[in-house]
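Examination of the molecular architecture
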Amino acid sequence: MRPSTIWYTLKQGIKNIRRNWMFSIASIITMAACIFLVGTFYSIVNNINNITRKVEQEVPVTVFFDEGTTQEEIDEIGELLKARPEVARVEFESADEAWEKFREDYFQGSDAAEGFKDDNPLVNSANYQVYLKEIERQNQLIAYIQGLDHVRDINQSEQAARTLGSFNKLVSYASIAIIAILVLISIFLISNTISVGISVRKEEIGIMKLIGATDNFVRAPFLLEGMVLGLIGAAIPLITLYYVYTSVVEYILNQFNVLTGIVDFIPVSTIYQVLLPLGIALGIGIGLIGSFMTTKKHLKV
Amino acid sequence: MIDLVDVSKSYGKGLPAVNHANLHVEKGEFVFVVGSSGSGKSTLIKLLMKELDSTSGRITVSGERLEGMKHRRVAKYRRKLGVVFQDFRLLRDRNVYENVAFAQRVIGRPTRVIRKRVPEVLQEVGLANKYKSYPDELSGGEQQRVALARALVNRPDILLADEPTGNLDPRTSEEIMALLEEINQRGTTVLVVTHNREIVNSMKKRVVTMHEGMIISDEKEGEYHEA
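Residues numbered from 1 in each chain as written. Chains lettered and ligands numbered in written order. Predicted model: local features only at pLDDT ≥ 70, side-chain atom pairs only at ≥ 80, totals over all residues.

1. Here we look at the overall build of chain A
Looking only at helices and strands, chain A features nine helices and four strands. In chain A, 89% of the contacts between residues at least 6 apart in sequence involve partners at least 24 apart. (Helix = DSSP H or I, 4+ residues; strand = E, 2+ residues; numbered from the N terminus. Contact = placed C-beta atoms within 7 Å.)

This is the structure:
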């Protein structure tokens, strides 16, 4: 394409947008809403995932042993557990350590526990704490451990991670559905905007065709119009979301001091590594699809 | 330059708009196609412009067969033609210069070429000093000159004129015809569809008469006879 043709296309594309600005604004707003929601859900889902992963890593499966299991046998079980692919790491806790921890957690240094003196009430509480890579594979691991000799009991405290996981799934599905609907509406509105532009310029297009304009030459300004609308529609929510995200994170951490240290939000820059190209691609993509479909339909000779 | 062999075009049922037409036009010829409304002359022009496809027969223009021409090829083919219409078909929101330059932009000419070529062709049609005017500020004759300039700016092999004087008074019509003749003398093949009897009879050119889709006469230095 010659520079003069590119320049011409650019000018015509912008002219189209200005000529039917009401439709243009309507498409931009819908698209902006769509991409804003994409960004919001993306941020939420990713943060929940992040938290879930943390919880998963911090909530171990605890394995207790039969009475009278020797240290060698316990070590052997430890080796077997470490060899499992779904296991992140295995920590051993002796009966004394278990009692120590329990005492700290529940008596918090009061003298009430002193009554037990050296008589460890948790004498059979030596255990392995098995940390998983993914919570989904917990059942698999538990089935395996149940098949092992000398295992008395397994404690699985997956509830928190499970709940978060299924909540995340719900959010994901709901957001996919809403986003799909909004994408369709955006395409429809862009297509509408472009077809108004085409009908306004019907005469001009007719003349162009008679003079020998190729389909692509006729189509290019409209495709460009769609792309520009898409780009603006993407830029607005992406910029807005950047600031909204930062301040929401700040607000949550300020309001709920408890969460500091437990809940770790993904930094906005990490989110935007994916969200920025995703949003722009989505905007331009919607714009192109909408305008391409419409020009294909209306610009036949 | 233009070759029609047994060409017919029908729209659905009823009489065909063009009925077994045979026509041969040499390079550099000036041809009038005359006939009353509904005689098929407009359809003929549309066939030549590949706006319509013939139902049967064979059309060859400037070495290109029009039947079965690929859609993509049509745009390139049309660049060999210059076309003017009764209603001028200028873009109202652009001035004379831009209207003519438009035809060059459409085919991707660089701006540098456009800047040189547009004043040249405006000079040829006698509108060099009105390049800044908008179509609505011009008389009918002047508008048709702009349309002619636009048709000629890409140096077409053939100029097709569909009732170019249909909206013009007799004096202006003569001027436009004189201009068409001049263009023809510079080597462009010109085909004019008209039902302006005075003009046809005064110019002593080849006249092809159509009636109900058929070519009923084809005379060198002919006259317009009412069928």
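Structure's up, so let's keep going.
2. So, the interface of chain B and chain A
Interfaces are often sized by the amount of accessible area the parts lose when they come together. Contacts between chain B and chain A engage 16 residues on the former and 14 residues on the latter. If you list the elements that add at least two residues to the side of chain B that touches chain A, you get helix H2 (71-78) and helix H3 (96-106) of chain B. Sorting elements by how many residues they give to the side of chain B that touches chain A places H2(B) first, with four residues. Along the lines of polarity and charge, the residues of the side of chain B that touches chain A split into nine nonpolar, two polar and five charged. (Nonpolar A, V, L, I, M, F, W, Y, C, P; charged D, E, K, R; others polar.)

3. A closer look at the packing of H3(B) against helix H4 (residues 111-124) of chain B
Residues and elements named next belong to chain B. The N-to-C vectors of H3 and H4 enclose an angle of 125 degrees; their axes lie 10 Å apart at closest approach. Judged on the interaxial angle alone, H4 and H3 are oblique. Pair H3 / H4 crosses with right-handed handedness. Here Val96, Tyr97, Val100, Ala101, Gln104 and Arg105 of H3 come into contact with H4, specifically with Val113, Ile114, Arg117, Val118, Val121 and Leu122. The residue makeup of the contact of H3 with H4, split by class, is nine nonpolar, one polar and two charged. (Axes fitted to C-alpha atoms, helices over the stretch in contact; angles between N-to-C directions. Parallel < 35°, antiparallel > 145°, perpendicular 65-115°, else oblique. Left-handed = near helix turned anticlockwise from the far one by under 90°.)

4. What about the sheet that holds strand E2 (residues 18-25) of chain B?
Residues and elements named next belong to chain B. Ordered by their spatial adjacency, four strands build an open sheet running E2-E1-E4-E5, and the pairing between neighbours is antiparallel. Edge positions in the open sheet fall to E2 and strand E5 (64-65), since each of these has one partner strand only. As paired strands, strand E4 (residues 56-61) and E5 are joined by two bridges and run antiparallel to one another. Pairing of Val61 across the sheet is with Glu64, part of E5. This element, helix H1 (residues 41-48), spans strand E1 (2-9), E2 and E4 of the sheet and lies at about 120 degrees to E1. (Pairing = 2+ DSSP bridges.)

5. Description of the sheet that holds strand E7 (residues 158-162) of chain B
Residue and element names in this part refer to chain B. Strand order in the open sheet formed by six strands is E6-E7-E8-E3-E9-E10, with mixed pairing between adjacent strands. Each edge of the open sheet is held by one strand with a lone partner, namely strand E6 (81-85) and strand E10 (214-219). Looking at each pair of strands side by side, their axes are set apart by 15 degrees on average, direction ignored. As defined by bridge partners, strand E9 (residues 206-211) adjoins E10 across five bridges and the pair is classed as antiparallel. Looking across to E10, one finds that Thr209 is bridged to Ser217.

6. What to know about the confidence of the model for chain B
All names here are of chain B. Mean pLDDT over chain B works out to 91, with 99% of the residues at or above the 70 mark. Within chain B, the lowest mean pLDDT, 89, falls on helix H7 (residues 197-203), and the highest, 95, falls on strand E8 (residues 189-194). In the predicted assembly, ipTM is 0.81 and pTM is 0.69. (pLDDT = per-residue confidence, 0-100.)

7. Structural notes on the nonpolar core
By size, the foremost hydrophobic cluster in this structure holds 99 residues, and its most contacted members are Ile35(A), Val33(B), Val100(B), Ala149(B), Leu160(B) and Leu191(B). Here this core gets 13 residues from one element, more than from any other, and that element is helix H8 (residues 215-255) of chain A. Contact partners of Val33(B), with chain neighbours within four places excluded, come to Lys41(B), Leu44(B), Leu191(B), Val193(B), Val208(B) and Met210(B). Within the second largest apolar cluster, 10 residues are counted, among which are Leu81(A), Tyr128(A), Leu132(A) and Leu141(A). (Core = buried A, V, L, I, M, F, W, Y, C linked by C-beta atoms within 7 Å. Buried ≥ 20, exposed ≤ 12 C-beta atoms within 10 Å, placed from the backbone.)

8. Observations regarding the environment of Lys130(B)
Residues and elements named next belong to chain B. Structurally, Lys130 is set in the loop between H4 and helix H5 (140-152). On a C-alpha basis, the gap between Lys130 and Val96 in space is 7.1 Å, while along the polypeptide they are 34 residues apart. The contact partners of Lys130, leaving out residues within four places of it in the chain, are Val96, Leu138 and Glu142.

9. Details of helix H7 (residues 202-211) of chain A
For H7(A), every residue scored as buried is listed here: Ile205(A), Ile207(A), Met208(A), Lys209(A), Leu210(A) and Ile211(A). Looking one or two places after H7(A), you find Gly212(A), whose phi comes out positive at around 110 degrees.

10. Topic: the environment of Leu278(A)
By the secondary structure assignment, Leu278(A) is in helix H9 (residues 268-298). Of the residues examined, Leu278(A) has 17 C-beta atoms within 10 Å and is grouped as partly exposed.

11. Points about the pairing of strand E4 (residues 151-156) of chain A
All names here are of chain A. Among the six residues that make up E4, zero are buried, leaving the element largely open to the surroundings. Summarising the sheet, strand E1 (residues 61-65) and E4 pair through five bridges and their orientation is antiparallel. Across the sheet, Thr62 pairs through a bridge with Asn155, a residue of E4.

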